[in-house]
Amino acid sequence: MVREEGDEFSRQVEEVPLSFLPDGEVLIKVSYAGLNYKDALSAAGHKGVTRKYPHTPGVDASGVVEKSSSSEFSPGQEVIVTSFDLGMNTKGGFAEYISVPAGWVVPLPEGLTLKDAMIMGTAAFTAALALHKMEKSGQNPEMGELVVTGASGGVGSMAVAILAKRGYRVIASSGKQEHYAWLKSIGAKRCISREEANDESGRPLMAAKWAGGIDTVGGNTLATLIKSCGKEGSVAVCGLVGSHELQTTVYPFILNGVNVLGVDSAETPIQLRKKIWQKLATDYRPGGLAEMGKIVDLEEIPDYMDEILGGETAGRIVAKIA
Ligand SMILES: NC(=O)c1ccc[n+]([C@@H]2O[C@H](COP(=O)([O-])OP(=O)(O)OC[C@H]3O[C@@H](n4cnc5c(N)ncnc54)[C@H](OP(=O)(O)O)[C@@H]3O)[C@@H](O)[C@H]2O)c1
């Protein structure tokens, strides 16, 4: 529970009645909840994410249907809910129960466990959506290496693993040299520093360094990915951990045909959402999934929120709730 007290936001585990939850169509007993950058923003009182407190963050949850007024779902069914408004202005997954509209709920695809689904969570969903859009725009492994920025983070590490699974050679850009070996173990062919993906020369166009990329950093790093991208390559824009700004010229677009693709996992329509989860259970499913998530208790979540905001964590952190 995050409570607003003056300028401060406190975080603690509390017991509250079910009536604390909105009156959704599907009541779900949460098994696992994934921890994300957006949750850390919500837990820190970021009003762009959560307007009103007290609030329970948690944009990702997997669990078992307890009660449903929708004929689409029945008690006992295993399901996933990620994003839409969950954890933002709807009480989220860092709780024993969530109550949500039926239109937000995805049946757990065959071949995935509730734990697998949260090790992947919004992070893998976002990376998969990025790749789906890139491939729709013509990206393929023959075009050359793809770069992933913020590679040791949730979205970044899932992007590395999913791209490798799909046969791409991946350059992982990370500020954490101590994680280079791990990034290679999950699929990176080579690792580069954050600085190598952050060109300060001011030149509008660079020699091609990669055939495309998935960016979680924004700002000058995103601008560098775009101006160093090979012909007809795609750069997927996922995040803003570095900056929300983007300064570029038109040259990469009119001289190299570079595509910049926006990725909005939160509002992905339910049919596409089910399709992406199906891919995550099959041809996009990263190898070594079990080793990609650290499992923690509900009580440990508050401390991890600061570590996530500080960019100190690596890979996915998943809370075991039930
Ligand atoms: N578009 C969408 O639908 C969508 C969905 C999910 C998340 N996101 C966004 O994607 C971003 C990443 O989310 P996440 O959950 O993966 O976060 P995360 O697990 O905290 O990972 C972020 C990573 O970015 C790098 N980083 C942190 N601070 C940085 C800085 N100042 N400059 C450069 N790199 C920095 C770090 O990796 P290294 O140390 O390896 O460099 C860090 O591990 C966030 O902006 C989030 O809001 C967007």
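Undergrad: How do you make sense of the environment of Val 170 when you look at a structure like this?
TA: Mapped onto the fold, Val 170 is located in strand E9 (residues 170-173). Classification of Val 170 by relative accessible area gives buried; the value is 0%.

Undergrad: Would you mind going over a nonpolar patch on the surface with me for this structure?
TA: Nonpolar side chains collect at one region of the surface, where Val 250, Tyr 251, Ile 254 and Leu 255 lie side by side and expose about 400 Å² of accessible area between them. Mapped onto the elements, Val 250 comes out in the loop between strand E12 (229-237) and helix H6 (251-256).

Undergrad: It is not clear to me how the pattern of salt bridges should be interpreted in this structure. Could you clarify?
TA: Close approach of charged atoms allows side chains of opposite charge to pair. Tallied over the entire structure, the rule returns nine salt bridges. Residue Glu 14 pairs with Arg 3 through a salt bridge whose shortest N-O separation is 2.8 Å. In this pair, Glu 14 is assigned in the loop between strand E2 (8-11) and strand E3 (26-35) and Arg 3 in strand E1 (residues 2-5), connecting sequence segments eleven residues apart. Given a relative accessible area of 31%, Glu 14 falls into the partly exposed group. With its nearest N and O atoms 2.9 Å apart, the salt bridge here joins Lys 227 to Asp 199. In this pair, Lys 227 is assigned in helix H5 (residues 219-227) and Asp 199 in the loop between strand E10 (188-192) and strand E11 (210-215), connecting sequence segments 28 residues apart. Of the residues examined, Asp 199 reaches a relative accessible area of 14% and is grouped as buried.

Undergrad: Mind showing me how you'd approach H5 here?
TA: Counting along an α-helix, one turn takes 3.6 residues, and residues three or four places apart therefore face a common direction. Of all nine residues in H5, eight are buried; the element is thus mostly enclosed. Within H5 the residues assigned to the buried category are Gly 219, Thr 221, Leu 222, Ala 223, Thr 224, Leu 225, Ile 226 and Lys 227. Among the structural elements, strand E8 (146-149), E11, E12, H6 and strand E13 (259-262) are those in contact with the buried residues of H5.

Undergrad: So what exactly am I meant to see when it comes to the sheet that holds E13 here?
TA: Strand pairing in a sheet relies on backbone hydrogen bonds. The paired strands run either parallel or antiparallel. Judged by pairing direction, the sheet is parallel, and its six strands sit side by side in the order E10-E9-E8-E11-E12-E13 without closing on themselves. Among the strands making up the open sheet, the edge pair consists of E10 and E13. Averaged over all pairs of adjacent strands, the angle between strand axes in this sheet comes to 20°, irrespective of strand direction. Sheet topology places E11 next to E12; five bridges connect them, and they run parallel. The residue bridging Gly 212 from the neighbouring strand is Ser 234, located in E12. Sheet strands touched by helix H3 (residues 154-165): E8, E9, E10 and E11. Its angle to E8, the strand with the most contacts, is close to 160°. Across the sheet, H5 lies against E8, E11, E12 and E13, angled at about 150° from E12, the strand it touches most.

Undergrad: Hey, could you run me through a negative patch on the surface in this one?
TA: Together, Asp 297, Glu 299, Glu 300, Asp 303, Glu 307 and Glu 312 make up a region of like negative charge exposed at the surface. Classification of Asp 297 as partly exposed rests on a relative accessible area of 43%.

About the cut-offs
Residues numbered from 1 in each chain as written. Predicted model: local features only at pLDDT ≥ 70, side-chain atom pairs only at ≥ 80, totals over all residues. Heavy atoms only, no water. Helix = DSSP H or I, 4+ residues; strand = E, 2+ residues; numbered from the N terminus. Buried < 20%, exposed > 50% of the residue type's maximum accessible area, 1.4 Å probe, protein only. Patch = residues over 30% accessible without salt bridge, like charges linked within 9 Å, V, L, I, M, F, W, Y side chains within 5 Å. Areas by Shrake-Rupley, 256 points an atom, 1.4 Å probe, with all protein chains shown as cover. Salt bridge = Lys/Arg side-chain N within 4 Å of Asp/Glu carboxyl O. Contact = heavy atoms within 4.5 Å. Pairing = 2+ DSSP bridges. Axes fitted to C-alpha atoms, helices over the stretch in contact; angles between N-to-C directions. Lys, Arg positive; Asp, Glu negative; His and termini not counted. Charge placed at Lys NZ, Arg CZ, Asp CG, Glu CD.

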